[in-house]
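Here is what each chain is made of, one letter per residue.
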Amino acid sequence: MKQVKIFLFGIGGYGSFYVNALSDWKDKDVVIEGICELMPGMEERFPIIRERQIPIYKSPEEFYAQHQADLAIISTPIHLHHPHVKACIAHSNVLVEKPVCAVLSEAEDMLRWEQETGHFVAVGYQLNYDRNLNALKRDILSGKLGKPVCMKALQAFKRGYNYYHRNNWAGKRIVDGCPVNDSPVNNSSAHQFQNMLFLLGDAMDRAAEVKAVEAELYRAGSYVENFDTAALKVTTAEDVPVYYYTTHNMEADQWGPMSEFCFENAVVYLGKDYGQGPLMDYVAEWKDGTVHDYGPVPTAWSMQKLEDAIECARNGGHPVCTVQAAMSHLRTVLWLSEMPVYPVSEEALILEEKNGDTFYRIRDLENIFSRCYEEKSLPGGRIPVEE
Ligand SMILES: NC(=O)c1ccc[n+]([C@@H]2O[C@H](COP(=O)([O-])OP(=O)(O)OC[C@H]3O[C@@H](n4cnc5c(N)ncnc54)[C@H](O)[C@@H]3O)[C@@H](O)[C@H]2O)c1
């Protein structure tokens, strides 16, 4: 089997998942050829670096001056994806973490570079690579569920001071003069929103185009420049309404994911309670009584994307989450960046100290969002904001 050499670019944050996955990789013909990371202490954190004498560089140029790699995996901050893909694509295929980048013209550049170099750029939305969700998408494309009517999802993680202070870009709109538009929609809870656009795409490797975005964006955390709570209604080019709810400002550590995808002939549920609490499987219920369980929702550490990128780097082909498939999400984020962000009024906020962290909660948000999710509506005045 052809050996696949991997260049890991950014390993101190989410990139650590790739180091850990590759440390235990079964296929011994996959090697980490080198790493680019600015943060010190990586040798202590990842024993594999010393064990396999993996060199660490401060720039991709230094790495490529001495090495060749079949696949570069980029897990650096969002606003650096464009220059970092540019630095790698002439030499290697690229798996870049989601979101693809911060500006539309940057994504267009990536499409052009793919043509010019013959290398692929794949984007790291792990749900898009999941074989169960691929099976659901195949059934949607074949018409088995009928035409899509309406989609909705909710996914939220509690995030506080520590999350927003782990780097210089969390929660920012602009960093070092570059747009980053970091938010739960663009970053921490991006997956379930992307999943809906991807499932509605007209081919396995495409997402639905978005033609309109309505949204209500709220800022609760005093350290957040962008927004940390959002309710969206997005309309696809095929006129399918897609509702999405997300927040960092609730009581529980995690809420959801849950979703309900309505088609002419069937509804697909995630998180439906069949009597033993929410079932974290995608289950389709057809009007004629047929039920099919498509399997569990993938986790953040699901590494099918890495497997697929290695397979395509070795044998050709393009991993399923293309730049095009990530662009509707990016367009939505750019739409949101033009919209007002409402500061939540002080009376509606609860400041919570927990586990060495500080959180801002929005009073009654769980009830407000549950009702919105049920009704397929935006909060419209139910969250009190500063005058
Ligand atoms: N797929 C997922 O589920 C998932 C989850 C979390 C984050 N992400 C994505 O991963 C990416 C990184 O997010 P994060 O939270 O880990 O960010 P982070 O800022 O916490 O970590 C980024 C890492 O990149 C390094 N880095 C920054 N600039 C660099 C440079 N010029 N050269 C070398 N290294 C550099 C930093 O030192 C750090 O180790 C983002 O695109 C994010 O959206 C994906």
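Residues numbered from 1 in each chain as written. Predicted model: local features only at pLDDT ≥ 70, side-chain atom pairs only at ≥ 80, totals over all residues. Heavy atoms only, no water.

1. What to know about the environment of alanine 135
Formally: The way it works is that DSSP assigns letters per residue, a run of H or I at least four long becomes a helix, a run of E at least two long becomes a strand, and they are numbered from the N terminus. A 1.4 Å probe rolled over the protein chains alone gives each residue an accessible area, and that area as a share of the maximum for its type sets the label: buried under 20%, exposed over 50%, partly exposed in between.
Position of alanine 135 relative to the elements: it lies in helix H7 (residues 131-141). For alanine 135, a relative accessible area of 23% corresponds to the partly exposed category.

2. Thoughts on the sheet that holds strand S14 (residues 266-273)
To keep things clear, this is the line we draw: Only strands joined by at least two bridges in the DSSP assignment are considered to pair. Axis angles are defined between N-to-C directions and span 0 to 180 degrees, where every axis is a line fitted to C-alpha atoms and, for a helix, only to the segment in contact. Every residue pair with non-hydrogen atoms within 4.5 Å of one another is taken to be in contact.
In spatial order, the strands read S16-S15-S14-S13-S7-S12-S11-S10-S17; together these nine strands make up an open sheet with mixed pairing. Each edge of the sheet is formed by a strand with only one pairing partner; in this case those strands are strand S16 (291-296) and strand S17 (341-343). Across the sheet, the axes of successive neighbouring strands diverge by a mean angle of 15°, strand direction being ignored. In terms of strand pairing, strand S7 (residues 148-157) meets strand S12 (residues 241-247) through four bridges, oriented parallel. Residue pairing in the sheet places alanine 153 in a bridge with tyrosine 244 of S12. Sitting on the sheet, helix H11 (residues 323-337) is in contact with strand S10 (210-219) and strand S11 (229-236), with an inclination near 50° to S10. Running over the sheet, helix H12 (residues 365-375) touches S7, S11, S12 and strand S13 (254-263) and is turned about 10° from S13.

3. Here we look at the pattern of salt bridges
How we decide: Each salt bridge in this description consists of a side-chain nitrogen of Lys or Arg and a carboxyl oxygen of Asp or Glu lying within 4 Å of one another.
One pass over the structure, following the stated rule, counts 18 salt bridges. Note that aspartate 27 is salt-bridged to arginine 314, the shortest N-O span being 2.9 Å. Placement of aspartate 27 in the loop between helix H1 (15-23) and strand S2 (30-36) and of arginine 314 in helix H10 (residues 304-315) is noted, with a sequence separation of 287 residues between them. Overall, arginine 314 belongs to the buried group, its relative accessible area being 10%. When the shortest N-O distance is used, the salt bridge between aspartate 109 and arginine 112 registers 3.0 Å. Taken together, the positions of aspartate 109 and arginine 112, both in helix H6 (residues 104-117) and three residues apart, correspond to about one turn of that helix.

4. Topic: the environment of proline 340
Here proline 340 is to be found in the loop between H11 and S17. According to the relative accessible area criterion, proline 340 is partly exposed, its value standing at 49%. In the structure, proline 340 is positioned 124 residues away from glutamate 216 in sequence and 8.1 Å away in space, judged by C-alpha atoms.

5. What about the pairing of S7?
Burial runs high along S7: eight of the 10 residues are buried. As paired elements, S7 and S13 share eight bridges and run antiparallel to each other. Paired with leucine 154 across the two strands is methionine 258, which belongs to S13.

6. Some remarks on the domain arrangement of the chain
Selection criterion: For each domain, the first and last residues come from an automatic or database assignment. By buried area we mean the combined loss of accessible area, with a 1.4 Å probe, across both parts when two parts are placed together.
Assigned domains of the chain: these are domain 1 (4-123) and domain 2 (127-375). Placing a centre on the C-alpha atoms of domain 1 and another on those of domain 2 gives a separation of 25 Å. On the side of domain 2, 34 residues touch domain 1, which itself brings 36 residues to the contact. It is His79, Leu104 and Phe120 in domain 1 that bury the most area against domain 2; as a group they hold 20% of the surface buried on that side.

7. Concerning the packing of aromatic side chains
Here is the rule: Pairing of aromatic rings covers Phe, Tyr and Trp, the last through its six-membered ring, and needs centres within 6.5 Å; plane angles under 30 degrees mean stacked, over 60 mean edge-to-face, and all others mean tilted.
A complete count under the given rule lists 16 aromatic pairs for this structure. With 5.1 Å between their ring centres and 90° between their planes, tyrosine 163 and tyrosine 164 make a pair best called edge-to-face. Residue classification places tyrosine 163 among the buried positions, given a relative accessible area of 14%. Looking at tyrosine 164, the relative accessible area reads 5%, which means it is buried. Arranged with centres 6.3 Å apart and planes meeting at 45°, the rings of tyrosine 218 and tyrosine 342 form a pair that is tilted. Taken as a pair, tyrosine 218 in strand S10 and tyrosine 342 in strand S17 lie far apart in primary sequence, 124 residues in all. Exposure remark for tyrosine 218: the relative accessible area of 3% places this residue in the buried category.

8. Re the site of the ligand
Which entries qualify depends on this criterion: Only a single heavy atom is needed: when it lies within 4 Å of a molecule or strand, its residue is near that molecule or strand. Polar contacts, as used here, are pairs of N or O atoms within 3.5 Å; protein pairs need one atom able to donate a hydrogen and one able to accept it. Residues neighboring in sequence count only if both atoms are side-chain atoms. Areas reported here follow the Shrake-Rupley algorithm with a probe of radius 1.4 Å; residue values treat only the protein chains shown as occluding. Each residue is assigned to one class: nonpolar for Ala, Val, Leu, Ile, Met, Phe, Trp, Tyr, Cys and Pro, charged for Asp, Glu, Lys and Arg, and polar for all the others, Gly among them.
Within the structure, the ligand sits among 27 residues, and Tyr14, Glu37, Lys98, Gln126 and Arg166 are positioned closest to it. Within the side chain of glutamate 37, an N or O atom sits 2.4 Å from an oxygen atom of the ligand. Contacts to the ligand include histidine 191, whose side-chain N or O atom sits 3.0 Å from an oxygen atom. When the ligand sits alone it has 850 Å² of accessible area, and the protein chains cover 87% of it. Residue classes in the shell around the ligand are distributed as 10 nonpolar, 12 polar and five charged. When residues of the shell around the ligand are assigned to domains, at least three fall in each of domain 1 (4-123) and domain 2 (127-375).

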